[in-house]
Amino acid sequence: MTLEYLAVPVYLSEMAPPHWRGGLNMLFQLVTTIGILCANLVNYGTQKLTPWGWRLSLGLAGVPAFLMTLGGFFLLETPNSLVERGQYEEGKRLLRKIRGTDNVQAEFDDLVEASEIAQTVRHPFRNILQTRNRPQLVMAFFLPAFQLLTGINSILFYAPVLFQSLGFGSNASLYSSVLTGAVMVIGSLITIALVDRVGRRKLLITGGIVMVLCQVIIAIILANKYGGERKLSKGFSSVVTVLICFFVLGFATSWGGLGWLVPSEIFPLEIRSAGQSVVVSVNLLFTFAIAQAFLAMLCGLKYGIFLFFAFWEAVMTIYVILLLPETKDVPLEEMVHVWRKHWFWSRILPALDVDTLQETNVNKNEVENGFT
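Quantities reported herein were computed from a predicted structural model and do not represent experimental measurements.

Caption draft 1: How the structure looks around the environment of N133. Structurally, the position occupied by N133 is in the loop between α8 (124-127) and α9 (134-149). Each C-alpha atom of the pair N133 and V336 lies 9.1 Å from the other, and the pair is 203 residues apart in sequence. Each residue touching N133, except ones within four places of it in the same chain, is listed here: N127, I128, P268 and I271.

Here it is in structure tokens:
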């Protein structure tokens, strides 16, 4: 799975044209959420098949793994990869094929230029630490960290336990897990339809606001209606379930897929693989840490666990408003210009001059047109 998360977002970003890149990349999130929904349905269907139901549930996980392996044999290389390995004619031929037009010379020239610069970089991980790559490195850490600090994995992983603690029966808790999985699929479909129209920032900001509101309202309900001898009434239990569904919908339409899409777009070719590996490593680190701490935090903080995640959702929303530029419709090879036009990152990045143009993948005409 680590290799899938490392390769698939970058592969989709490199294959897709700029104006469709968001929607096509979000298909990765869609099939992931469909997989989660199917897993919940399998668990729900096999729970009463004692004593071997769990074996069937576990064994069926091999089916998608086999299909992914089989499908990998039919994938094409990306034009970026072919050009980087010196197969220029084949890369240009593939670019014409996937773009559906012969008018690809400008894009191909950008690929060749980016490839030539990438070949001069011998140590990508050392290169990513340079000041000119500081914005991308900061995003590579904070975007996956924030994605997990929404609390979504805690909700999905421990949904049965959470719903049981709210007074649902064991069957109802699994049913609720299926419900949240279905909401994830719906949210992914909404994002596919909107991401290339309204942009990444608006979806991230809107999703963050929705998640904050849902978490705060849930915390207020639990603080006043649940705990000690008090049990949630059916009415309030239903309200909490609906709020959790809206929370999941807010996540699925924002940080769920965009937390993978945006990092796969922002890195120049010479550090793209190194940057994506940082993203995946941070994601797995926070997945492990939050999974280990969640139950203890739930027991200690009780309703406060929702306020804890609401705080981080507010922080990440402010972070997007202030520090994340819009990447919609920007070709990958021209993404460097986005940072130089940003109000904050333009102050961090080193000044450009003619002697450093090749190193920063910007030509002289672009500098004279105001990209400095």
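Caption draft 2: Expanded view of the pattern of salt bridges. The full count for this structure, using the stated rule, is 8 salt bridges. The partner of E14 in a salt bridge is R272, and the shortest N-O contact between them spans 2.9 Å. Of this pair, E14 sits in helix α1 (residues 2-15) while R272 sits in helix α16 (residues 272-301), and the two are 258 residues apart along the sequence. The buried category is assigned to E14, whose relative accessible area is 11%. Overall, the relative accessible area of 3% leaves R272 in the buried class. The salt bridge involving R200 is made with E265; its shortest N-O contact spans 2.5 Å. On the criterion of sequence distance, the pair formed by R200 in helix α13 (residues 200-225) and E265 in helix α15 (residues 255-266) is long-range, its members being 65 residues apart. Salt bridges here are not isolated pairs; linked through shared partners, they connect R21, D196, R200 and E265.

Caption draft 3: Region of the structure containing helix α6 (residues 88-99). The end-to-end C-alpha separation of α6 is 16 Å, in line with the 16 Å expected for 12 residues at 1.5 Å each. Turning to α6, its buried residues number three or more, namely G91, K92, L94, L95 and R99. Angularly, the buried residues of α6 cover 165 degrees about the axis, an arc narrow enough to put them on a single face. Seen from the open side of α6, the exposed residues pointing more than 90 degrees away from its buried face are E89, R93 and K97. Downstream of α6 by a residue or two, G100 has a phi angle that is positive, lying close to 70 degrees.

Caption draft 4: Spatial organisation of the confidence of the model for the protein chain. Counting all residues, the mean pLDDT for the protein chain is 86, and 90% of those residues have values of 70 or more. Scored below 50 in pLDDT, residues 354-372 shows 30 contacts in the model against residues more than four places distant or in partner chains.

Caption draft 5: Expanded view of the packing of aromatic side chains. All told, the structure shown has 12 aromatic pairs when counted by the stated rule. Geometrically, the ring pair formed by F146 and W255 is edge-to-face, given 6.2 Å between the ring centres and 80 degrees between the ring planes. Highlighted residues: F146 in helix α9 and W255 in helix α15, separated in sequence by 109 residues. As far as the burial class goes, F146 and W255 line up, both buried. Measuring from ring centre to ring centre gives 5.3 Å for F308 and F309, while their planes differ by 70 degrees; the resulting arrangement is edge-to-face. Among the aromatic residues, ring-to-ring pairing joins F141, F142, F146, W255, F286 and Y319 into one connected group.

Caption draft 6: Just the environment of W260, in detail. Relative to the helices and strands, W260 resides in helix α15. Between the C-alpha atom of W260 and that of V280, which follows or precedes it by 20 residues, the distance is 9.1 Å. Leaving out residues up to four positions away in the same chain, W260 has contacts with Y5, P9, F28, Q147, Q276, V279, V280 and N283.

Here is what the cut-offs are and how they apply
Residues numbered from 1 in each chain as written. Predicted model: local features only at pLDDT ≥ 70, side-chain atom pairs only at ≥ 80, totals over all residues. Heavy atoms only, no water. Helix = DSSP H or I, 4+ residues; strand = E, 2+ residues; numbered from the N terminus. Contact = heavy atoms within 4.5 Å. Salt bridge = Lys/Arg side-chain N within 4 Å of Asp/Glu carboxyl O. Buried < 20%, exposed > 50% of the residue type's maximum accessible area, 1.4 Å probe, protein only. Expected span 1.5 Å × (residues − 1). Arc of directions from axis to C-beta. pLDDT = per-residue confidence, 0-100. Phe/Tyr/Trp six-rings, centres within 6.5 Å; stacked < 30°, edge-to-face > 60°.

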